[in-house]
Amino acid sequence: MAHIDAGKTTTSERILFYTGKTHKIGEVHEGGATMDWMVQEQERGITITSAATTAFWNYKDNTYQINIIDTPGHVDFTVEVERSLRVLDGAVATFCAVGGVEPQSETVWRQADKYNVPRIGYVNKMDRTGADFAGVCAQVHERLGANALPIVLPIGAEDKFTGVIDLVYNRAYVYFDDKTVRDNYHIEEIPENLKAEAAEARAKLIEEVAASDDALMEKFFEDPDAITPEEIIVALRKATINMSVVPMLCGSSFKNKGVQLLLDSIIAYLPSPLDVEAIVGTDPRTGEETKRHPSESDPFCALAFKIATDPFVGRLGFIRVYSGKLDAGSYTFNSRSGKKERISRIYQMHANKQNPIEFVGAGDIAAAVGFKDVRTGDTLCDENHQIVLESMTFPEPVIGLAIEPKTQKDLDKLGVGLGKLAEEDPTFTVKTDEDSGQTVISGMGELHLEIIVDRLKREFGVEINQGAPQVNYKEALTGTYEHREVFKKQTGGRGKFADIIFEIGPASSKEVTGLEFVDVVKGGNVPKEFIPAVQKGFATAMSNGALAGYPIDAMKVTLKDGSFHPVDSDALSFEICARNGFRHAAVKANPVIMEPIMSVEVVTPEENMGDIIGDLNKRRGQISGMETKGNARVVKAKVPLAEMFGYVTVLRTISSGRATSSMEFSHFEAVPGNVSKEIIEKASGKFKNEDE
């Protein structure tokens, strides 16, 4: 996991080569990387979907199996990182030796913290001008608050980077240039000029590691030199798994230096499935907590973390097995749907190629085929031993795009394509605008939607026309208002009647989402059986706010009183009454429009700084910080998404192509009055008020 262009895919390609999985090294910049198998990835040189593969590595006379997932760096595809971290046991955080800790490095780091994933750091691109291993370790310490502990030292840097010193075994790996052999290094004595530095770094490593182990601490005080490399490894592994230390390595994957040592370290320090004592879930029948241990003798339990569509095999469900085993051709139970699912075939994945396997066991990752209804985040388990594992949380889409097929006959194909893409990607949503009949797709950013449109064209053969990108606004109530709503209709025969008095306003706390409904009606003035209908009426009304028809995320309604007619009142009357009541009362509860605010970071040469800050101010941006990074300046700001469309082009013009920017969603905030007026006018041109 890493920021864009830190070298994740290149490192994965080298791992596949050195573990004997591929016979020739694939290069990202030539479009030949195994892990970037999508056409869009090869053309753009970026990773879009996380690719899974399995490799084997010999370490200390044992062969170990490693399941690898190569994730994207772009914030638009953050869902891929999120779901990979949810099911993996460890991560390699890759950093660029020149760029150091970049904005996306911070995002993926926070995601790994959220799922408690132990990690090792790998500082790549040591061959580039300006490479600084110690500097990046210091940044990881300061910016990410991690205890970054170098376990290697580089020999030389930039074009003189020739190898690394292994501080654990106190020896040097010196690499020679030969792309065809797998052992492209000699193990040598530490060079004379680096001996003092290496001794100091090793002493620091031993001291840090000894702090986590009492027996080692005693030994350290008596004679630090008596501590063996094996003891260091055991203690360092423990400290990495409990996340008190992040071992830092360095190398240049592109120049084939340092990857073998990284593989050794993955096995030495990152947890195996057996290190994770047991996964905790709840029994859906009783609600009680239940555990599964990572062994094949425990009942089967797995988490589906990704659904993908393959042109030859159909729908693939990627699963991480936590306990038990699953045979191809057998049944498993989906605890969300409460239904049995038949798994006809199981594949071990290698990017987009599948190798069929007979069964999958505890600790493994595989792809299953044949199920009818499995979604991202579902738990698959043994029907007699049910369990629900904590699902994943995904950010909400912030940007929308209206699309339609170029020809009417493609309408069905578009529907099928969008359905499949939405199933694969939980951060991509599709909805039909009731008033205009338009299909609106929403996602995490402009690049995200661009790729979706491209995939519709290539994979599903649908040519589409698209509108301009739109911001996904929301509405919120800021004041409270008490209102009485009476609904009556007299038609031939039975009439309709409902009467409610309620107070409407913002939710009682920021944690609440959806409708917070409080019923304080005394003495049966509104019969108990109609109260759910009132609640349903308010809940459905929230999807269409009072100001401009944007959804309301959270609100509180207190039902205080009302009356009913013994003949004419029914549930539907009360539901309609609540909906009408919302429309009349919400307008008076000080509604505001909320817009997504983005965290923007621009790295620019000193001389363009003034122009860039001026431009961000024009975009209603608030500058939140400035710092120096090498000979460039970093400007951080919070800017409304509505003002950021096409920013990359403008930034290129201002800085003659020398500045770079990255942005990610930060929070929702109320829109200023003048902007709010524009948004409402634009929306009311589209919606007519229902009462007119």
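The preceding data block contains the structure.
Quick summary incoming for the structure in this document. (Residues numbered from 1 in each chain as written. Predicted model: local features only at pLDDT ≥ 70, side-chain atom pairs only at ≥ 80, totals over all residues. Heavy atoms only, no water.)

### Re the pairing of strand S29 (residues 496–505)
Selection rule: Think of it in three bands: residues with accessible area under 20% of the maximum for their type are buried, residues over 50% are exposed, and the middle band is partly exposed, with areas taken using a 1.4 Å probe on protein chains only. Every helix listed is a DSSP run of H or I at least four residues long, and every strand listed is a run of E at least two residues long, numbered separately from the N terminus. When DSSP finds two or more bridges between a pair of strands, those strands are recorded as paired.
Across the ten residues of S29, eight count as buried, placing the element largely inside the fold. For strand S28 (residues 481–489) and S29, the ladder comprises nine bridges, and the chain directions are antiparallel. Within the sheet, the bridge partner assigned to Val 486 lies in S29 and is Asp 499. The sheet contact formed by S29 and strand S31 (residues 554–563) spans seven bridges and is antiparallel.

### Quick look at the pattern of salt bridges
Just so we agree on the cut-off: The salt bridge definition used is simple: a Lys or Arg side-chain nitrogen within 4 Å of an Asp or Glu carboxyl oxygen.
What the rule picks out here adds up to 40 salt bridges. Glu 231 is the partner of Lys 219 in a salt bridge, and the nearest nitrogen-oxygen pair spans 2.9 Å. Of the two residues, Lys 219 sits in helix H7 (residues 214–222) while Glu 231 sits in helix H8 (residues 229–241), which places them twelve residues apart along the sequence. The exposure class assigned to Lys 219 is partly exposed, which follows from its relative accessible area of 25%.

### Things to note about the packing of helix H6 (residues 195–210) against H7
Relative orientation and spacing of two packed helices are given, respectively, by the angle between their axes and the distance between those axes. Threshold: Structural elements are reduced to axes, namely lines fitted to C-alpha atoms, with helices fitted over the stretch in contact, and the angle between N-to-C directions of any two is expressed from 0 to 180 degrees. Our angle categories are set so that under 35 degrees counts as roughly parallel, over 145 as roughly antiparallel, 65 to 115 as roughly perpendicular, and the remainder as oblique. What makes two residues a contact is simply this: any of their non-hydrogen atoms within 4.5 Å. Side-chain classes are defined by residue name, with Ala, Val, Leu, Ile, Met, Phe, Trp, Tyr, Cys and Pro counting as nonpolar, Asp, Glu, Lys and Arg as charged, and the others, Gly among them, as polar.
Relative to each other, H6 and H7 sit at 140°, their axes nearing to 8 Å. Comparing the axis directions of H6 and H7 gives the class oblique. Contacts between H6 and H7 involve Ile 206, Glu 207, Val 209 and Ala 210 from the first element and Leu 216, Met 217 and Phe 220 from the second. Its residues assigned to classes, the contact of H6 with H7 shows six nonpolar, no polar and one charged.

### A look at the sheet that holds strand S3 (residues 91–96)
With parallel pairing, the four strands of this open sheet are ordered in space as S3-S4-S10-S5. The two strands at the open ends of the sheet, each matched to only one other strand, are S3 and strand S5 (148–150). Pairs of neighbouring strands in the sheet enclose a mean axial angle of 30°, with direction left out of account. Both S3 and strand S4 (residues 119–124) contribute to a ladder of six bridges, which runs parallel. Across the sheet, the residue bridging to Val 92 is Ile 120, located in S4.

Without other data, these values stay purely geometric and don't point to any function.
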